[in-house]
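Each chain is listed here by its residues.
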Amino acid sequence: MKKIKHRAFLKWAGGKYGLVEEICRRLPEGKKLIEPFVGAGSVFLNTDYERYILNDINPDLIGLYTELKNNTEFFICEAEKLFCAANNQEKRFYELRKEFNQTQDRQLKSLLFLYLNRHGYNGLCRYNLSGGFNVPFGRYKAPYFPKKELYYFAEKSQKATFTCEPFQQSFKRARKSDLVYCDPPYAPISLTANFTNYSINGFSLDEQLILAKLAEHNANKKKVTVLISNHDTPFTREIYSQSDMSQIMVSRTISQNAGTRNKVGELLALYLPS
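What counts and what doesn't
- Residues numbered from 1 in each chain as written.
- Predicted model: local features only at pLDDT ≥ 70, side-chain atom pairs only at ≥ 80, totals over all residues.
- Heavy atoms only, no water.
- Helix = DSSP H or I, 4+ residues; strand = E, 2+ residues; numbered from the N terminus.
- Buried < 20%, exposed > 50% of the residue type's maximum accessible area, 1.4 Å probe, protein only.
- Polar contact = N/O pair within 3.5 Å; in protein donor to acceptor, adjacent residues only side chain to side chain.
- Contact = heavy atoms within 4.5 Å.
- Phe/Tyr/Trp six-rings, centres within 6.5 Å; stacked < 30°, edge-to-face > 60°.
- Expected span 1.5 Å × (residues − 1).
- Arc of directions from axis to C-beta.

**Q** Looking at this structure, I do not really get the side chain of Thr 47. What am I missing?
**A** Within the element layout of this structure, Thr 47 appears in the loop between helix 2 (42-45) and strand 2 (51-55). Overall, Thr 47 belongs to the buried group, its relative accessible area being 7%. From its side chain, Thr 47 meets the backbone oxygen of Val 43 in a polar contact 2.8 Å long. Reaching out from Thr 47, the side chain makes a polar contact with the backbone oxygen of Phe 44 at a distance of 3.4 Å. Among residues more than four places away in sequence, those in contact with Thr 47 are Cys 24, Leu 33, Tyr 52 and Lys 156.

**Q** Is there a simple way to explain the packing of aromatic side chains in this structure?
**A** For any pair of aromatic rings, the description rests on two quantities: the centre-to-centre distance and the angle between the ring planes. Inspection of the entire model under this criterion finds 19 aromatic pairs. Plain terms: the ring middles of Phe 83 and Phe 145 are 4.9 Å apart, the flat faces sit at 65° to each other, and that makes the pair edge-to-face. Here Phe 83 is found in the loop between helix 4 (72-82) and helix 5 (90-102), whereas its partner Phe 145 is found in the loop between helix 6 (106-119) and helix 7 (147-156), with 62 residues between them in sequence. Here Phe 167 and Phe 203 contribute two aromatic rings whose centre-to-centre distance is 5.5 Å and whose plane-to-plane angle is 55°, an arrangement assigned as tilted. Residue Phe 167 is found in helix 8 (residues 167-172), and its partner Phe 203 is found in the loop between strand 4 (179-182) and helix 9 (205-221); the two are separated by 36 residues along the sequence. Classification of Phe 167 as buried rests on a relative accessible area of 5%. Overall, Phe 203 belongs to the buried group, its relative accessible area being 7%. An aromatic cluster is present here, built from Phe 9, Phe 44, Tyr 49, Tyr 52, Tyr 65, Phe 153 and Phe 162 joined pairwise through their rings.

**Q** For this particular structure, what's the right way to read helix 5?
**A** Note: α-helices contain 3.6 residues per turn, so residues at a spacing of three or four share the same orientation. The end-to-end C-alpha distance of helix 5 is 19 Å, a good match for the 18 Å that 13 residues give at a rise of 1.5 Å each. Three or more residues of helix 5 are buried, namely Phe 93, Leu 96, Arg 97 and Phe 100. Within helix 5, the buried residues cover an arc of 105° as seen down the axis, which keeps them to one side. Exposed residues pointing more than 90 degrees away from the buried face of helix 5 are listed as Lys 91, Lys 98 and Gln 102.

**Q** I keep staring at helix 9 and nothing clicks. Help me out?
**A** Relative to the 24 Å expected for 17 residues at 1.5 Å per residue, helix 9 spans 24 Å between its end C-alpha atoms, a close match to the ideal helical length. Residues of helix 9 that are buried: Gln 208, Leu 211, Ala 212, Leu 214, Ala 215, Asn 218 and Ala 219. Buried residues of helix 9, viewed axially, fall in a sector of 160°; they line one side. Opposite the buried face of helix 9, by more than 90 degrees, sit the exposed residues Asp 206, Lys 213 and Lys 221. Residues of helix 9 that are buried make contact with helix 8, strand 4, strand 5 (225-231), helix 10 (234-239) and strand 7 (263-271). Among the residues trailing helix 9, Lys 223 stands out with phi positive, at a value near 60°.

Interpretation note: all reported values are geometric properties and have no functional meaning in isolation.
Structure follows, in structure tokens:
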């Protein structure tokens, strides 16, 4: 029987739903999976480990996951109320976006983060230099409320610990025989290209190198299996040279017109304990 694939409840640029079979094929059995860059959580949702540590540097994302885990029924009920025709108007979208940027209420902020994700342009998650969410109105006819996906995530999240910290700290949590899957903000296709990061802090080439070194160290010294996804470029092939690398072709962008999506090389770098 073919295994059921589970979709994330968030739209997410670079989400791994279409790649989970390739990723799972490379992840061995174990008890705990750590994701320093969890994003929308497609790998979490489509693997079966006893425990998870799910991290992201975006506090709004982790705040949402924590609220959904701890207050499932209330959260889903209140979130569904936001998905109505009156809120699918441009003026109302910008009012709610402003409220999201101003509120200090963690529960409200989490509810609005889900609303903005599903009503904003192409499901993007983007902030200005002041930390304000600035994705424009998406103009969708009837944004989908992912009730089924929310319930599944909430149920499975009972096995997860959510953290919001630099990826280096997530690696410090790894112990012998743990597994680490990394889906960092991708390196640019070319080193002269401009590329946008979804977090305020960005992700530099130096950090790409640090991640590769941490993967190598954890495999060799701590006996931790590490798998990293990234663009397939000369730069990433160089920094992942100590791994077992494989390439697949995937679509990288979210687009309202699927025919405009371009396929690019995706590199999967596997570091096995030596």
